[in-house]
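Close look at the chain arrangement
Here is how the chains run, residue by residue.
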Amino acid sequence: MPTELPYAADAEVSLSYDELEVLRLQYQKELSQAHVSIQTKFNYAWGLVKSPMREHQVEGVRLLQDIYRSEPTRRRECLYYLALGHYKMSNYEEAKKFNSLLLEKEPTNLQAQSLGSLIEQRVTRDGYIGMAIAGGAAAIGTILLASLVRRAARK
């Protein structure tokens, strides 16, 4: 079943400042009128999640969570962008959770499959980095301990 949504790799591209500003101004205008449409809120959240700035991503995820809770008909759309937002913030377990929920509903969703691969690659990479740091720390600790033992043996 084809999807109209972009592949996960396309999600790495941010909106320009001007594009995000258009969405923000529309959101602020409706907020000042005491009624923000779900579409405006979703569009702004989508733009924020795509941003390279963490504070934008956090706000985008918060808005998407509000939509997810209050608008059952928009949950599918929210699942992907919630997963993407958490992925971009390095919250990989949350990203996996939301992406898995989407894949349960749509197992052939290529976008979710693509994002799932990106999440797994990042988890693996971060795992290797963690092991390298731990290994380096252990090596330094061993060198320091050996140095202390040699000094103690000389005295």
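Criteria and thresholds
Residues numbered from 1 in each chain as written. Predicted model: local features only at pLDDT ≥ 70, side-chain atom pairs only at ≥ 80, totals over all residues. Heavy atoms only, no water. UniProt positions renumbered as here; feature names shortened; annotations may be inferred. Helix = DSSP H or I, 4+ residues; strand = E, 2+ residues; numbered from the N terminus. Buried < 20%, exposed > 50% of the residue type's maximum accessible area, 1.4 Å probe, protein only. Areas by Shrake-Rupley, 256 points an atom, 1.4 Å probe, with all protein chains shown as cover. Core = buried A, V, L, I, M, F, W, Y, C linked by side-chain atoms within 4.5 Å. Axes fitted to C-alpha atoms, helices over the stretch in contact; angles between N-to-C directions. Left-handed = near helix turned anticlockwise from the far one by under 90°. Contact = heavy atoms within 4.5 Å. Nonpolar A, V, L, I, M, F, W, Y, C, P; charged D, E, K, R; others polar. Parallel < 35°, antiparallel > 145°, perpendicular 65-115°, else oblique.

Per an unreviewed UniProt entry, the recorded name for the chain is Mitochondrial fission 1 protein, and the organism is Fibroporia radiculosa. Within the UniProt record for the chain, the comment given under Subcellular location (unreviewed entry) is "Mitochondrion outer membrane". Under Function (unreviewed entry), UniProt gives the following word-for-word description of the chain: "Has a role in mitochondrial fission. Has a role in outer membrane fission but not matrix separation."

Helices and strands together make up the secondary structure of the chain, namely six helices and zero strands. Along its sequence from the N terminus, the chain presents helices and strands in the succession α-α-α-α-α-α. When burial is assessed residue by residue, the chain has 34% of its 155 residues classed as buried. When the accessible surface of the chain is summed, it comes to about 9,500 Å², and 59% of that surface belongs to carbon and sulfur atoms.

Within the largest apolar cluster, 31 residues are counted, with the highest numbers of intra-cluster contacts made by Tyr44, Leu64, Leu84, Tyr87 and Leu115. Elements with a contribution of two residues or more to this core: helix 1 (17-32), helix 2 (38-50), helix 3 (54-70), helix 4 (75-88), helix 5 (92-105) and helix 6 (110-154). When residues of this core are assigned to their parent elements, the largest contribution, eight residues, is made by helix 4.

Attention now goes to the packing of helix 1 against helix 2. To characterise two packed helices, one gives the angle between the axes of the helices and the distance between these axes. At a minimum axis distance of 9 Å, the contact between helix 1 and helix 2 shows a crossing angle of 145°. In the packing of helix 1 onto helix 2, the handedness of the crossing is left-handed. Counted together, Leu20, Leu23, Arg24, Gln26, Tyr27 and Glu30 of helix 1 and Thr40, Lys41, Asn43, Tyr44, Trp46, Gly47 and Leu48 of helix 2 form the full contact between these two elements. Broken down by class, the residue content of the contact of helix 1 with helix 2 amounts to six nonpolar, four polar and three charged.

Bringing the packing of helix 3 against helix 4 into the picture now. Contact geometry of helix 3 with helix 4 gives a least axis separation of 9 Å together with a crossing angle of 155°. Here helix 3 lies roughly antiparallel to helix 4, going by the angle between them. Considering the relative orientation of helix 3 and helix 4, their crossing is left-handed. Residue-level inspection shows Gln57, Val61, Leu64, Gln65, Ile67, Tyr68 and Arg69 of helix 3 in contact with helix 4, the latter providing Arg75, Cys78, Leu79, Tyr81, Leu82, Gly85, His86 and Lys88. Here the contact of helix 3 with helix 4 is built from residues that sort into eight nonpolar, four polar and three charged.

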